[in-house]
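Structure assessment
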Amino acid sequence: KISSVFLKRNENIRILRKNALKFDLSSEIAIDVIGSIRNFESDLWNSFLGENDSPFLEYDWIHSLEESGCVNEKTGWKPLHLQISSKEGEKLAVVPLYLKGHSM
């Protein structure tokens, strides 16, 4: 079971937020694997979306898929969302992610 991963690199990475956010990876970041969208605050999740991002990335949409049972391990779509944070705990990014466990 992966709970978090720490990375240390000497390069920069660009992530899409409301505007393109650039942060330095010369210090440690934490990547937490989170098994359900309900473990995120909706305002935090949605703060990473831009005006032109798909509505299918919004917290309420993903939450409704999980709560209705459309996406879960039994249906072959296990939620494994990522949260990327600085060493100090600042939230830098979120990533909707599913482990596909049925037809390959």
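This part is about the overall build of the protein. In terms of regular secondary structure, the protein is built from two helices and eight strands. Within the protein, buried positions represent 29% of all 104 residues. Contacts in the protein between residues far apart in sequence, at least 24 positions, make up 48% of those at least 6 positions apart. In the form shown here, the protein has an accessible surface area of approximately 7200 Å², with 51% of it arising from carbon and sulfur atoms.

Next up on the list: helix 2 (residues 59-68). Taken together, the buried positions of helix 2 are Tyr-59, Ile-62 and Glu-66. Viewed along the axis of helix 2, the buried residues span an arc of 75 degrees, placing them on a single side of the element. Downstream of helix 2 by one or two residues, Gly-69 has phi in the positive range, about 90 degrees.

In this section: the packing of aromatic side chains. Throughout the structure, instances matching the rule amount to two aromatic pairs. Measuring from ring centre to ring centre gives 4.9 Å for Phe-40 and Trp-45, while their planes differ by 75 degrees; the resulting arrangement is edge-to-face. Accessibility classification places Phe-40 together with Trp-45 in one group, the buried group. A ring pair is formed by Phe-56 and Trp-61, whose centres lie 4.9 Å apart and whose planes are at 70 degrees; its orientation type is edge-to-face.

As for its placement among the helices and strands, Gln-83 is situated in strand 6 (residues 81-86). Each residue touching Gln-83, except ones within four places of it in the same chain, is listed here: Ala-30, Ile-31, Asp-32, Ile-34, Phe-40, Leu-44, Lys-91 and Ala-93.

On to the confidence of the model for the protein, then. Mean pLDDT over the protein stands at 77; residues scoring 70 or higher make up 73%. Element-level pLDDT for the protein is lowest in strand 2 (residues 12-16), with a mean of 38, against a maximum mean of 96 in helix 2. Taken together, the stretch residues 1-21 has pLDDT below 50 and engages in 51 contacts with residues farther than four places along the chain or on a different chain.

Locating Ser-36 in the fold gives a position in the loop between strand 4 (29-34) and helix 1 (42-47). A relative accessible area of 6% means that Ser-36 is categorised as buried. Not counting chain neighbours up to four residues away, the residues in contact with Ser-36 comprise Glu-66 and His-81.

Conventions adopted
- Residues numbered from 1 in each chain as written.
- Predicted model: local features only at pLDDT ≥ 70, side-chain atom pairs only at ≥ 80, totals over all residues.
- Heavy atoms only, no water.
- Helix = DSSP H or I, 4+ residues; strand = E, 2+ residues; numbered from the N terminus.
- Buried < 20%, exposed > 50% of the residue type's maximum accessible area, 1.4 Å probe, protein only.
- Contact = heavy atoms within 4.5 Å.
- Areas by Shrake-Rupley, 256 points an atom, 1.4 Å probe, with all protein chains shown as cover.
- Arc of directions from axis to C-beta.
- Phe/Tyr/Trp six-rings, centres within 6.5 Å; stacked < 30°, edge-to-face > 60°.
- pLDDT = per-residue confidence, 0-100.

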